[in-house]
Amino acid sequence: MKKMKHLLTLLDFSRADLEAILHLGIDLKKSFYKGKSDLCLQGKTLAMIFEKASTRTRVSFEVAMFQLGGHAIHLDMASSQLGRGESYEDTARVLSGYVQGIMLRTFSQVNLEKMASVASVPVINGLTDLFHPVQVLADLMTILENKKNIDELKIAYVGDGNNMTNSWINAAIIFGFDLNVATPAGYEPSGQILQEMSSHPNIEILQDPVRAVKSADVICTDTWFSMGQKEDAQKHKLFTPFQVNKKLLSHALDEVMVLHCLPAHRGEEITNEVMDGSNSFIFREAENRLHIQKAILKTLMQ
Ligand code: CP
Ligand code: NVA
């Protein structure tokens, strides 16, 4: 991948490019455990802008830059001029003169597109209301570490139709695995996403979590209330049948992998028993954020 490239959604990349990133993530993880370092980003800096809270994304990107020999700078709305109304475009123009990559976690995908439209360095989506591509890459890496052919798998996403669901749909469009999405009526993925998946019969939207997880190799879930959304009791009640619990797992394959991007609301979308049980790959998935970030940064910024 020679040309300067942004990672705004998974659809920005070909299947071959994504496979290369996933395998690089696995290789970098193995090297890390062998104590080998790769200082390919020496002298380079990543600006990380967070308009929403973060534990994993912030720490994994910052540590990834450090381990690759580079440096990361954390910016937020309160302490930068973005918070006082400086435009995304002007911020991107200025940062492009200082740093070799920009990671933005923001609300609207449009903010990210504005930065990418003028930045002369790669712009990476660290989560928007619409997509969370770097998380789904960590999830795919975790699956690939444990299962051979991603395209032959049956993956179920159970819960709210949110940024994670949309990025899973993008992954299913690219890789061709069977994806069943189960959400309560009214919480399905939205217009643009439905349109993009319409020519991909491997992706099905259901309202029945049991049907969705039938013989599934992987079950994913996420919070019912994403950042910026208000919790409400009615939505809680509506989502209760969509909880990932032991009973739901009994409809999947015995060796089903359970994934959750975290943070989890234990006892809501997932039970303690499943989260801490033998089918859970959730904390390995979280650890893999570090290694996949290194693969993403090396691919885009080297
Ligand atoms: N999964 C994830 O993106 O976590 P953070 O919000 O902690 O970054
Ligand atoms: N859907 C969640 C993911 C958090 C990592 C959110 O947007 O809050």
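Residues numbered from 1 in each chain as written. Chains lettered and ligands numbered in written order. Predicted model: local features only at pLDDT ≥ 70, side-chain atom pairs only at ≥ 80, totals over all residues. Heavy atoms only, no water.

A. Quick look at the site of ligand 1. Around ligand 1 sit S54, T55, R56, T57, R105, H132, Q135, C261, L262 and R289, and those are all the residues in its vicinity. Note that an oxygen atom of ligand 1 is positioned 2.7 Å from one of the side-chain N or O atoms of T57. Protein burial of ligand 1: of its 250 Å² of free accessible surface, 96% is covered by the chains. Here the residues of the shell around ligand 1 are counted per class, giving two nonpolar, five polar and three charged. (Near = heavy atom within 4 Å. Polar contact = N/O pair within 3.5 Å; in protein donor to acceptor, adjacent residues only side chain to side chain. Areas by Shrake-Rupley, 256 points an atom, 1.4 Å probe, with all protein chains shown as cover. Nonpolar A, V, L, I, M, F, W, Y, C, P; charged D, E, K, R; others polar.)

B. Broad picture of helix α3 (residues 88-96). Restricting attention to buried positions, one finds in α3 the residues Y88, T91, A92, L95 and S96. Taken around the axis of α3, the buried residues stretch over an arc of 130°, which confines them to a single face. (Buried < 20%, exposed > 50% of the residue type's maximum accessible area, 1.4 Å probe, protein only. Helix = DSSP H or I, 4+ residues; strand = E, 2+ residues; numbered from the N terminus. Arc of directions from axis to C-beta.)

C. Looking closely at the pattern of salt bridges. In this structure the tally under the stated criterion is eleven salt bridges. One salt bridge in this structure joins K298 and D38, with 2.8 Å as the shortest N-O distance. Taken together, the residues span a long stretch of sequence, with K298 in helix α12 (residues 282-301) and D38 in the loop between α1 (15-33) and β1 (45-50) at a distance of 260 residues. With relative accessibility at 16%, the residue K298 sits in the buried group. Residues K246 and E273 are paired through a salt bridge, measuring 4.0 Å at the closest nitrogen-oxygen approach. With K246 in helix α10 (residues 246-249) and E273 in helix α11 (residues 272-275), this residue pair connects regions lying 27 residues apart in the sequence. Look at E273 and you get partly exposed, because its relative accessible area is 49%. Beyond isolated ion pairs, a larger network of salt bridges with shared partners links R15, E19 and D151. (Salt bridge = Lys/Arg side-chain N within 4 Å of Asp/Glu carboxyl O.)

D. Fine view of the pairing of strand β3 (residues 101-105). Of all five residues in β3, five are buried, a share of seventy percent or more. Of the two faces of β3, both are covered, the one formed by G101, M103 and R105 as well as the one formed by I102 and L104. As judged from the five bridges shared by β1 and β3, these two strands associate in the parallel manner. From the neighbouring strand, I49 faces β3, where its bridge partner is L104. (Pairing = 2+ DSSP bridges.)

E. The sheet that holds strand β5 (residues 154-158), seen in detail. Spatially, β7-β6-β5-β8-β9 is the arrangement adopted by the five strands of the open sheet, whose pairing is parallel. Edge positions in the sheet fall to β7 (203-206) and β9 (257-260), since each of these pairs with one other strand and no more. Pairwise comparison of adjacent strand axes, ignoring direction, gives a mean angle of 20° for this sheet. Relative to β9, strand β8 (residues 218-221) runs parallel, the two being bridged by four bridges. In the sheet register, C220 faces β9, and the bridge partner there is L259. Helix α5 (residues 133-146) rests against β5, β8 and β9 of the sheet, and its axis sits at about 165° to β9. Relative to strand β6 (residues 178-182), helix α6 (residues 163-175) is tilted by about 160°, and along the sheet it contacts β5, β6, β7, β8 and β9. (Axes fitted to C-alpha atoms, helices over the stretch in contact; angles between N-to-C directions. Contact = heavy atoms within 4.5 Å.)

F. Structural detail: the environment of Q42. Residue position: Q42 is located in the loop between α1 and β1. C-alpha of Q42 to C-alpha of V210: the two residues are 168 residues apart in sequence and 49 Å apart in space. Residues within four places of Q42 in sequence aside, it is in contact with L68, G69 and G70.

G. Representation of the nonpolar core within the structure. Within the largest apolar cluster, 60 residues are counted, with the highest numbers of intra-cluster contacts made by W168, F177 and L297. If near-sequence neighbours (up to four positions away) are discounted, F177 is found in contact with L140, I150, D151, L153, I155, W168, A171, A172 and N202. Core analysis: the next-biggest nonpolar cluster, separate from the first, contains 20 residues, L206, A212, A216 and V274 among them. (Core = buried A, V, L, I, M, F, W, Y, C linked by side-chain atoms within 4.5 Å.)

H. Spatial organisation of the packing of α5 against α12. One way to put it is that α5 packs onto α12 with a least axis distance of 8 Å and a crossing angle of 110°. As the angle between them shows, α5 and α12 are arranged roughly perpendicular. Residues V134, Q135, L137, A138, D139, M141, T142, E145 and N146 of α5 touch α12, and the partners they reach there are R284, E285, N288, R289, H291, I292, Q293 and I296. (Parallel < 35°, antiparallel > 145°, perpendicular 65-115°, else oblique.)

I. Structural context of the packing of α1 against α5. In the contact formed by α1 and α5, the axes pass within 10 Å of each other and the chain directions differ by 70°. As summarised for this structure, α1 and α5 are arranged roughly perpendicular, according to the angle between their axes. The handedness of the crossing between α1 and α5 comes out as right-handed. Between α1, through L18, L22, H23, G25, I26 and K29, and α5, the contact on the second element is made entirely by L137, L140, M141, L144 and E145. (Left-handed = near helix turned anticlockwise from the far one by under 90°.)

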